[in-house]
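Descriptive analysis of the structure
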Amino acid sequence: MFGMGKKDWERELEGAIGELAGADTVAFGGVGIAGTLLPATEAYRRVEAALAEHPEQVREHLDRLLAEGSPAGRAYAATLLVRLDPAAGRAAWSALAEEPGEFTTFSGCVMGRATLREYATERLAEA
């Protein structure tokens, strides 16, 4: 049976990665006037929390998310990878700087659009 024998944290991590894989928006905090957390933001936070206790398992999921995720999901994966392995994260951003996929961004109440290329280039400039 699917999921049999998996620990709660493994199911939670897989669910969070699944949410990020299909994300169409990148937001790291609350959005809009109400400061609502998007499902992808909540998923990001769950994966982020798992980094300290389960780094190898998280890394495997991040590598897969970088390869197969939506443009927003790939941005989340690279952001998390920087925290886990800065050199690998920078390499991921460098690779993503060639990608044209688009997604929505939120910074508080401000909504925008970005290509993965633009977003990755900005992250590389910040490093």
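Residues numbered from 1 in each chain as written. Predicted model: local features only at pLDDT ≥ 70, side-chain atom pairs only at ≥ 80, totals over all residues. Heavy atoms only, no water.

1. Side note on the overall build of the chain
Operational definition: Numbering goes from the N terminus for both helices and strands, where a helix is a DSSP run of H or I of at least four residues and a strand is a run of E of at least two. Only protein chains enter the accessibility calculation, which uses a 1.4 Å probe. A residue is then buried if its area is under 20% of the maximum for its type, exposed if over 50%, and partly exposed in between. The contact criterion used throughout is that any non-hydrogen atoms of two residues lie within 4.5 Å. Here the Shrake-Rupley method, with its probe set to 1.4 Å, supplies the accessible areas, and only the displayed protein chains count as covering residues. His is not counted, nor are the chain ends; Lys and Arg add positive charge and Asp and Glu add negative charge. For the purpose of locating charges, the reference atoms are NZ of Lys, CZ of Arg, CG of Asp and CD of Glu.
Secondary structure assignment for the chain yields 6 helices and 3 strands. When the helices and strands of the chain are placed in sequence order, the string is α-β-α-α-α-α-β-β-α. If you line up the chain on its principal axes, its C-alpha atoms span 40 × 35 × 25 Å. The buried share of the chain, taken over its 127 residues, is 39%. The contacts in the chain between residues at least 6 apart in sequence include a share of 55% that link residues at least 24 apart. Carbon together with sulfur atoms contributes 54% to the accessible area of the chain, which is approximately 7000 Å² in total. Each charge sign in the chain was given a centre, from 13 positive and 20 negative side chains, and these centres are 0 Å apart.

2. A word on the pairing of strand β3 (residues 110–115)
Counted only if it meets this: Whether two strands pair depends on DSSP finding at least two bridges between them.
Both strand β2 (residues 102–107) and β3 contribute to a ladder of 6 bridges, which runs antiparallel. What sits directly across from Thr 105, in β3, is Gly 112. What sits between the antiparallel neighbours β2 and β3 is a turn of 2 residues, in which Gly 108 has the positive phi angle 65°.

3. Comments concerning the pairing of β2
In terms of strand pairing, strand β1 (residues 25–26) meets β2 through 2 bridges, oriented parallel. Bridge pairing in β2 places Thr 25 opposite Thr 104.

4. Let's talk about the nonpolar core
Selection criterion: In plain words, nonpolar cores are sets of buried Ala, Val, Leu, Ile, Met, Phe, Trp, Tyr and Cys residues tied together by side-chain atoms within 4.5 Å.
By size, the foremost hydrophobic cluster in this structure holds 34 residues, and its most contacted members are Leu 20, Val 47, Leu 62, Trp 93 and Phe 103. Sorting the residues of this core by element identifies α1 (8–21), α2 (39–50), α3 (55–68), α4 (71–84), α5 (86–96) and α6 (116–126) as the ones contributing at least two each. When residues of this core are assigned to their parent elements, the largest contribution, 7 residues, is made by α4. Discounting residues that sit within four places of it in the chain, Leu 62 has contacts with Ile 17, Val 47, Ala 77, Leu 80, Leu 81 and Leu 84.

5. Thoughts on the sheet that holds β3
Here we have 3 strands laid out as an open sheet, ordered β1-β2-β3, and mixed in their pairing. The two strands at the open ends of the sheet, each matched to only one other strand, are β1 and β3.

This is a description of form; function is not addressed.
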